[in-house]
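Structural overview
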Amino acid sequence: MNDTTAVAAEKARPVPTLPDAQTVTSVQHWTDRLFSFRVTRPQSLRFRSGEFVMIGLMGDPDPKTGKQKPILRAYSIASPSWDEELEFYSIKVPDGPLTSRLQHIEVGDQIILRPKPVGTLVLDALLPGKRLWMFATGTGIAPFASLLRDPDTYERYDEVVVMHTCREVGELEYGRQLVEGLAEDPLIGELVGDKVRYYPTTTREQSPRMGRITDNLTSGKVFADLGLPPMDPEHDRGMVCGSLAFNKDIMAILEGFGLREGANSEPAEFVVEKAFVG
């Protein structure tokens, strides 16, 4: 078989379709460590804003059997439940089994998406309140990107406080653009009004606001800066998404304010997403 024949034969082979395949519709790289992307949404997929799904790609063929197994990870859906597409926000890990591949996806590529959404960062897992606090580090803002664009959030709460901390200013850009665009959103802009209070901080690069979320809470700085009273279990509700250490620290602080951890089966004053901390 000459080279021309071999190329023709390769092109003639059917393109393998991934299981539970969805097609990438857009990709945006925010920094050398962070990117977001959108994919088609299965018609049958129904989810509550704040939930996550398993997504992934096929791994390398097994040296012995030649078979490929999917590499799957839990990812919060960053788009709201009404969106016709699904958005995800991801870190890039050079040697990560999935993200080392996922960061190179392009429009038209396929990913695996298991259509079974779950998660605890949903409004139904909280008791009614007046003020909703969202505590996120890094890509932990993804589920809040969904909830911030959900009309139900503003129908249930008079005020929404978003505390997002990253090491560098550029890592805050995804969240900043999202929050600043809420008031102009044609669907929810009028509902949002001036309800959202955005409190971004950095821990490494100099920025207008510095410090860890935990420090800014325990010192009372965030309350002073925003002109808010300390948290109390009657009015305040919290949602937490970050590393295992961050989650534990925030939980202890919220419990110190008298708030209790809730769940889908037993709503309370705050909820924590534990699917991403291993």
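Note that the structure is a prediction, hence the values are computed from the model and not measured.

1. Some words on the overall build of the protein chain
- What the protein chain contains, in helices and strands, is nine helices and eleven strands.
- The C-alpha radius of gyration of the protein chain comes to 21 Å, within 12% of the 19 Å expected for a compact globule of 278 residues.
- Seen through its C-alpha atoms, the protein chain measures out along the principal axes to roughly 80 × 40 × 35 Å.
- Residues counted as buried form 49% of the 278 residues belonging to the protein chain.
- Long-range pairs, those at least 24 residues apart, make up 74% of the contacts in the protein chain between residues at least 6 apart in sequence.

2. Quick look at the environment of Pro97
- Here Pro97 shows up in the loop between β5 (85-91) and α2 (99-102).
- Taking the C-alpha atoms as reference, Pro97 lies 9.7 Å from Leu57; in sequence the two are 40 residues apart.

3. Things to note about the sheet that holds strand β10 (residues 236-241)
- In spatial order, the strands read β9-β8-β7-β10-β11; together these five strands make up an open sheet with parallel pairing. This sheet does not close on itself; its edge strands, each paired only once, are β9 (196-202) and β11 (270-272). Within the sheet, the average angular offset between the axes of one strand and its neighbour, ignoring direction, is 10°.
- Bridge count for β10 against β11 is three bridges, and the pairing is parallel. For Gly238, the partnering residue across the bridge sits in β11 and is Phe270.
- Seen against the sheet, helix α9 (residues 244-256) touches β7 (131-137), β10 and β11 and runs at an angle of roughly 170° to β10.

4. With respect to the state of the cysteines
- Applying the stated criterion to the full structure yields zero disulfides.
- Cysteine Cys166 shares no disulfide, and the gap to the nearest cysteine sulfur, in Cys241, comes to 12 Å.
- Judged by its relative accessible area of 5%, Cys166 is buried.
- Cys241 gets classed as buried once you look at its relative accessible area, which sits at 3%.

5. Remarks on the confidence of the model for the protein chain
- In this model, the protein chain carries a mean pLDDT of 91, and residues with pLDDT of at least 70 account for 93%.
- Scored below 50 in pLDDT, residues 1-16 makes two contacts in the model with residues more than four places away or belonging to other chains.

6. Some words on helix α5 (residues 173-181)
- Among the residues making up α5, those that are buried are Tyr174, Gly175, Leu178 and Val179. Mapping the buried residues of α5 onto a view down its axis gives an arc of 120°, with all of them on the same face.
- Buried residues belonging to α5 abut β2 (34-40), β5, α3 (142-147) and β9.

7. Structural notes on the sheet that holds β2
- Strand order across the open sheet formed by six strands is β4-β3-β6-β1-β2-β5, with antiparallel pairing between neighbours. Two strands in the sheet have a free side with no partner beyond their single neighbour: β4 (70-76) and β5. The sheet shows a mean angle of 40° between the axes of neighbouring strands, direction not considered.
- When strand β3 (residues 52-58) meets β4, the two strands line up antiparallel, connected through seven bridges. Paired with Ile55 across the two strands is Arg73, which belongs to β4.

8. Looking at the side chain of Thr165
- Mapped onto the fold, Thr165 is located in strand β8 (residues 159-166).
- We classify Thr165 as buried; its relative accessible area is 7%.
- Here the side chain of Thr165 touches Thr201 through a polar contact of 2.5 Å, side chain to side chain.
- In contact with Thr165, not counting residues within four places along its chain, are Ala136, Thr137, Gly138, Thr201, Thr203, Gly211, Arg212 and Ile213.

9. Things to note about α9
- For α9, with 13 residues, the first-to-last C-alpha span of 18 Å sits near the 18 Å given by 1.5 Å per residue.
- Of all the positions in α9, only Phe246, Asn247, Ile250, Met251, Ile253 and Leu254 are classed as buried. End-on view of α9: buried residues confined to an arc of 165°, all on one side of the axis. Turned more than 90 degrees away from the buried face of α9, the exposed residues are Ala245, Lys248 and Gly256.
- Tucked inside the fold, the buried residues of α9 contact β7, α7 (213-218), β10 and β11.
- Once α9 finishes, Gly258 follows within two positions and takes phi at roughly 95°, a positive value.

Scoring rules and cut-offs
Residues numbered from 1 in each chain as written. Predicted model: local features only at pLDDT ≥ 70, side-chain atom pairs only at ≥ 80, totals over all residues. Heavy atoms only, no water. Helix = DSSP H or I, 4+ residues; strand = E, 2+ residues; numbered from the N terminus. Rg over C-alpha atoms; globule rule 2.2 N^0.38 Å. Buried < 20%, exposed > 50% of the residue type's maximum accessible area, 1.4 Å probe, protein only. Contact = heavy atoms within 4.5 Å. Pairing = 2+ DSSP bridges. Axes fitted to C-alpha atoms, helices over the stretch in contact; angles between N-to-C directions. Disulfide = S-S within 2.5 Å. pLDDT = per-residue confidence, 0-100. Arc of directions from axis to C-beta. Polar contact = N/O pair within 3.5 Å; in protein donor to acceptor, adjacent residues only side chain to side chain. Expected span 1.5 Å × (residues − 1).

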